[in-house]
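The lines below spell out each chain.
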Number of protein chains: 4
Amino acid sequence: MDKLRAYVVGATGLVGQRYVQLLADHPWFELVGVAASERSAGRRYGEINWVLETPMPSKAAELKIDKLDVDSLPKVDVIFSALPSEVAARVEPEMARRGYVVVSNSSNMRLEPDVPLLIPEVNPDDLSLVKEQRARRGWSGLIIKKPNCSTTILDLPLKPVLDELGVSKIHVVTMQAVTGAGYAGVPSVAILDNLIPYIKGEEEKIVNETRKIFKADLEIYATTTRVPVLDGHTEAIYVDTVKDFDVEAVVELMARFRSVPQELGLPTAPPQPVIPTRAIDRPQPRLDRMAGRGMSVVVGRIRKLAPRKLAFVALGHNTIRGAAGNAILAAELLVKSGLWA
Amino acid sequence: MDKLRAYVVGATGLVGQRYVQLLADHPWFELVGVAASERSAGRRYGEINWVLETPMPSKAAELKIDKLDVDSLPKVDVIFSALPSEVAARVEPEMARRGYVVVSNSSNMRLEPDVPLLIPEVNPDDLSLVKEQRARRGWSGLIIKKPNCSTTILDLPLKPVLDELGVSKIHVVTMQAVTGAGYAGVPSVAILDNLIPYIKGEEEKIVNETRKIFKADLEIYATTTRVPVLDGHTEAIYVDTVKDFDVEAVVELMARFRSVPQELGLPTAPPQPVIPTRAIDRPQPRLDRMAGRGMSVVVGRIRKLAPRKLAFVALGHNTIRGAAGNAILAAELLVKSGLWA
Amino acid sequence: MDKLRAYVVGATGLVGQRYVQLLADHPWFELVGVAASERSAGRRYGEINWVLETPMPSKAAELKIDKLDVDSLPKVDVIFSALPSEVAARVEPEMARRGYVVVSNSSNMRLEPDVPLLIPEVNPDDLSLVKEQRARRGWSGLIIKKPNCSTTILDLPLKPVLDELGVSKIHVVTMQAVTGAGYAGVPSVAILDNLIPYIKGEEEKIVNETRKIFKADLEIYATTTRVPVLDGHTEAIYVDTVKDFDVEAVVELMARFRSVPQELGLPTAPPQPVIPTRAIDRPQPRLDRMAGRGMSVVVGRIRKLAPRKLAFVALGHNTIRGAAGNAILAAELLVKSGLWA
Amino acid sequence: MDKLRAYVVGATGLVGQRYVQLLADHPWFELVGVAASERSAGRRYGEINWVLETPMPSKAAELKIDKLDVDSLPKVDVIFSALPSEVAARVEPEMARRGYVVVSNSSNMRLEPDVPLLIPEVNPDDLSLVKEQRARRGWSGLIIKKPNCSTTILDLPLKPVLDELGVSKIHVVTMQAVTGAGYAGVPSVAILDNLIPYIKGEEEKIVNETRKIFKADLEIYATTTRVPVLDGHTEAIYVDTVKDFDVEAVVELMARFRSVPQELGLPTAPPQPVIPTRAIDRPQPRLDRMAGRGMSVVVGRIRKLAPRKLAFVALGHNTIRGAAGNAILAAELLVKSGLWA
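Residues numbered from 1 in each chain as written. Chains lettered and ligands numbered in written order. Predicted model: local features only at pLDDT ≥ 70, side-chain atom pairs only at ≥ 80, totals over all residues. Heavy atoms only, no water.

Colleague: Which parts of the structure should I look at to understand the packing of helix 1 (residues 14–23) of chain B against helix 11 (residues 320–337) of chain B?
Modeller: For any two helices packed against each other, one specifies the crossing angle of their axes together with the interaxial distance. Residues and elements named next belong to chain B. Taken N-terminus to C-terminus, the directions of helix 1 and helix 11 make an angle of 50 degrees; their axes are 9 Å apart at the nearest point. With respect to helix 11, the axis of helix 1 lies oblique. Considering only the axes of helix 1 and helix 11, their crossing is right-handed. Contacts between helix 1 and helix 11 involve V15, R18, Y19, L22 and L23 from the former and I320, A323, A324, G325, A327 and I328 from the latter. Partitioning the contact of helix 1 with helix 11 into residue classes produces nine nonpolar, one polar and one charged. (Axes fitted to C-alpha atoms, helices over the stretch in contact; angles between N-to-C directions. Helix = DSSP H or I, 4+ residues; strand = E, 2+ residues; numbered from the N terminus. Parallel < 35°, antiparallel > 145°, perpendicular 65-115°, else oblique. Left-handed = near helix turned anticlockwise from the far one by under 90°. Contact = heavy atoms within 4.5 Å. Nonpolar A, V, L, I, M, F, W, Y, C, P; charged D, E, K, R; others polar.)

What follows is the structure in structure tokens.
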């Protein structure tokens, strides 16, 4: 097939750069344009402050950065959005109204009932909410959201546990990478030889988004912290299960967890979405964040602390599985779903 | 009074260096000697690899390092021990047998019923266990232990909560500084841009020591992690209380918590052992670890997440309140107790 | 004597905070007020984002932050300025015109011939330039500048070398702490696991300011870099000397270097402004930046690489000796000079 | 052709791990075995503490680790050595005597006149020294060395400058990554919020190896420092040239520098060995170390400071171009040279 034309808005930020990186050799999508705020518009993409660990894809470097303007968007098949939420709240519905398929990283609208909040392995069926969305809002396009990065990294390993054992209560403490706050979000003076036990709005997102994704009024307690790590969010998790378990069984059910993206062979789907490790001191962000090319969540320290009291540590790449990668995977699911505009 | 003669064994390690730093201008103790393993013995203390953030006290620099030899210990009034546990297990009882007062940082013997495991503000009365200890073991000296650093930083703010509200369950996740592992304990390759969600033996220590200190079979779940921070352990804590509470009341009861060391005006006692902060993004290790000259625990993010579900974040200096400072405070309590040899 | 009333403008930034910290128990100066930009004005100083390693002085916490307004300055004896240069360029001359003594950290006017650019141990006599300054400009007040932080840390150990051996050429490479760029100057994403080999304007400042300070058209080559260190600038320096030397002699001449501030016993003057160390792997920022309470420059790796080719590494605290401390020392010199307004 | 059988000795250390990573999909070499010290011998390679940023190649994980024993080496075509120098000094000559082709990272023998010290783009002709080596030593095998990592990163950009402009003097200051010291070489307590201005033996290596490589008694002054960076050595370099130059010409001659490895299309040869960048604040280790898949040196801040005074900053990946990658490239050159045993 001809590749679908993809457009990235908010393309100069950290998540925007991940979109550009991940779309570079994508078999289905072709990155045909990028847009950003006035400040960068008009420059070549190659001139921006690229801060990923591998060189910028050479084709992307040649693109001219458009000024984001909802009235003069190019003809494309899908828009990947990494806009700041307050901009996204204004612009994305306009895009959808004009017929664009928008797959978005921004936090606005995530909790609206007709908006799919997709972790493709966890709640693929929620994609069909777009039918209701279009009908109700009269849009010819549509909007799909991916959840908060910490939500995604929590919910992926939680899914098989919840399905097999049931979950009555969750206590989670996150240790999140600085890239989660954007390029200038955490000054070095604030985080060198330090950590910050607060991330604005993050705890509420974990609670509310997880409840929406699992369609369950789960009892979740979250404390979110920022640590001097570049990429990779680590989460120490306690789960009170409904059924009792033994540790080996939990390792097994996580290891064999597969879902629709794996069945469909979606290009960005990792072969194994949740990778339990038996190494005593893992997962570690620097060593495990690229598992499954950044799309797998690595789980370690799986312990039974008491009957029906499970503990483990989960780690995922915050700007790949937690952001751009998850959004692209959602778009791939949409392509295969027959729900495309 | 004449100062009591203090001797530091294991004096070249990180905790040993803290002992030396904190004893430098101590009003009651005079550092008269230091001992270390064969490797350092015979050199001047000024020649060691001093790694604290302020220059070595000039008097300490002049001391010659003794080879640790239980058969030729100098005549001193108190021995502060920062020996590796396996060495301590062998040497400390011998010292006590020979009549020495040993105040020790090492983890051996902490759980033995006749050994005081002291956080002077939390369980000062346990000091009197030394009577039983001496009687039972036939020692003319005695051994006092301070708990694991993470235990101490957890138990200090827990004490007033437990006293006022009752505690039925605790979930804790620690984020511990690299100095907790000793000078060479964590290679830089292992921790730069990284964290490690495992510290050998630490979770068991938190559980077992806290139960001993509070004389209660508390339900405690602990996950301990290492983060790229130099000094200061941070702990994200969830407490299920017996009585319900409001947040302001918890702030108040922590803020006004005082105990025997404050009443006695012990020199190393901080005016306020637990300092609740209202700043939304505190405590932070770099900014708060020196509160109360490293002897206070700073508590923030005090939240009520549900009825009888308290959450907060606690931070303390791991080698001061968590180690040498707490040990010196325990020795001061002993001086005032009338239990001295 | 009654203490002189000191006022800090630009008091909320990193250098402003150092002024406040260093003035807290100053024997000659009393901090009576602080000013900042509109954003902070009206709040108590205790509410700002204090980021130094020790708690904020309690008296400072009570001060109300004034909005900086040159037309309604309080009656004070000396103004310590840590304003951004573009603001300083506008405001400081107005202050001097209105009769205020301004001691400034900002880079504007540093190279003007009638402005003392003071490292009190290096060029104390330049203080008398203020006579010319006032006469020429018709000011009843005056302005004194301290040099760039890297300049100061280079020039202090250079002074005795230049005096004794003569200097024909200097190659310097700096490794500068992130606090040198201000609180938000270096994002953590930019510097974790990284360094940046460029600091805007810094190389020119080192060259031009050093030439002015030594009144010599020295051949200086500078490369300035930013490293993930919080405080303390390190400089690797090669000096081509005019006379030949042996290393011991250089150690000696640095060690015994004293100057007017030491002779006058100025309160902020370190007993030994330049401290050569014989430890093979020093100076190191974390271990040596607080030498002389942050006012000494520690020098190590003193080597003779060839005849008349001297190499060494110098380190100083960038916001104490490199900024606020040096400015306060300059003010103390002024107090003793008889040149006071 | 059939792939050549490669064997890595010292395979569990950081450089050993890089060999294993880079040989994983190598078109000419097949990794058939790994050896290490007694401690690891007998375990599967998959069980070691792998610390590279990408997962261990799955085929390598299956290899059993041999105990290094020169008397029972397997039949292989080439041995890549990452042994500690003192072990290498004993073992490598024995291997060569027994007919093995040894390509080594270790520092022993580097300066012996009949041992090629190869940067394949800089001194490819030195490979022919092996003829003399075998003749003189009576070896049926041979030994090739790669230089110190900092030497390589200096000499690559120096080569075109030296060829075109001549070089009379070099001042260099390195800022080296912690992986250069091996896994446990730099404790985190030693380097967090810090740097260390000394690396044992490193300055001499830069001077002596560069002189050997360029066959010139160059005047070189080196200061080597360790910084809290994981991978990538940065070097601030001043070069006194013989001919005068303009900056654009230097950019050009670096950019177009190609050599034998590029002409021969060696698999590990980067298309462009030296990449000058015009970005004002580059090269930076985190962003540039993977240029040319870790085999290019990125050069920035190219400046003319005075007539015939060139300054620039160079950066290369210390364990790829600086170690294992350079060694593999040397082996590739040997394959094509007709000098193979």
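Once the structure has been displayed, the description carries forward.
Colleague: When you look at the pattern of salt bridges in this model, what are you seeing that I'm missing?
Modeller: Side chains that differ in sign of charge can pair as their charged atoms come close. Going through the model one piece at a time under the given rule, you end up with 108 salt bridges over all chains. Measuring nitrogen to oxygen at the nearest pair gives 2.8 Å for the salt bridge that ties E209 of chain A to R110 of chain A. Of this pair, E209 of chain A sits in helix 7 (residues 202–214) while R110 of chain A sits in the loop between strand 5 (101–104) and helix 4 (129–137), and the two are 99 residues apart along the sequence. Close ionic contact of D163 of chain D with K159 of chain D constitutes a salt bridge, the shortest N to O distance being 3.3 Å. (Salt bridge = Lys/Arg side-chain N within 4 Å of Asp/Glu carboxyl O.)

Colleague: Please explain the interface of chain A and chain B as it appears in this structure.
Modeller: One frequent convention defines the size of an interface as the accessible area lost when the parts assemble. Each partner contributes residues to the interface: chain A has 42 residues there, and chain B has 41 residues. Where chain A packs against chain B, one counts six salt bridges. Counting every contact that joins chain A to chain B gives 28 residue pairs in polar contact (both at pLDDT 80 or more). Mapped onto the side of chain A that touches chain B, the elements with two or more residues apiece are strand 7 (167–176), helix 6 (188–191), strand 8 (220–226), strand 9 (233–241), helix 10 (285–288), strand 11 (297–306) and strand 12 (309–316) of chain A. (Polar contact = N/O pair within 3.5 Å; in protein donor to acceptor, adjacent residues only side chain to side chain.)

Colleague: Would you mind showing me how to read helix 7 (residues 202–214) of chain B here?
Modeller: Helical geometry note: an α-helix holds 3.6 residues per turn, so side chains three or four residues apart project in the same direction. Compared with an ideal rise of 1.5 Å per residue, which puts 13 residues at 18 Å, helix 7 of chain B spans 18 Å between its outermost C-alpha atoms and is within 8% of the ideal. Residues of helix 7 of chain B that are buried: E202, E203, I206, V207, E209, T210, K212, I213 and F214 of chain B. Tucked inside the fold, the buried residues of helix 7 of chain B contact strand 11 of chain A together with helix 5 (149–165), strand 7 (167–176) and strand 8 (220–226) of chain B. Note on helix 7 of chain B: the residue one or two positions beyond its end, K215 of chain B, has a positive phi of about 50 degrees. (Expected span 1.5 Å × (residues − 1). Buried < 20%, exposed > 50% of the residue type's maximum accessible area, 1.4 Å probe, protein only.)

Colleague: How do you make sense of the relation of the copies chain A and chain B when you look at a structure like this?
Modeller: Taken together, a rotation about one axis and a shift along it account for how the two chain copies relate. Turning chain A through 180 degrees and shifting it by 0.0 Å along the axis lays it on chain B, with an RMSD of 0.0 Å. Such a turn and shift between the copies fits a two-fold axis. (Least-squares fit on C-alpha atoms with pLDDT ≥ 70 in both.)

Colleague: Teacher, can you tell me more about the UniProt feature "domain: Semialdehyde dehydrogenase NAD-binding" (unreviewed entry) in chain A here?
Modeller: Look at the UniProt record and you will see "domain: Semialdehyde dehydrogenase NAD-binding" (unreviewed entry) annotated at residues 5–130 of chain A. Counting secondary structure, residues 5–130 of chain A comes out at 24% helix and 19% strand; the distance between its end C-alpha atoms is 21 Å. (UniProt positions renumbered as here; feature names shortened; annotations may be inferred.)

Colleague: When you look at the sheet that holds strand 2 (residues 29–36) of chain A in this model, what are you seeing that I'm missing?
Modeller: Remark on secondary structure: sheet strands pair via backbone hydrogen bonds, oriented parallel or antiparallel. Residue and element names in this part refer to chain A. Ordered by their spatial adjacency, six strands build an open sheet running 3-2-1-4-5-6, and the pairing between neighbours is parallel. Every other strand in the sheet has two partners, leaving strand 3 (65–67) and strand 6 (142–145) as the edge strands with one partner each. Neighbour-to-neighbour, the strand axes of this sheet turn through a mean angle of 30 degrees, independent of strand direction. Note: strand 4 (residues 78–81) against strand 5, three bridges, orientation parallel. Bridged to F80 within strand 5 is V103. (Pairing = 2+ DSSP bridges.)

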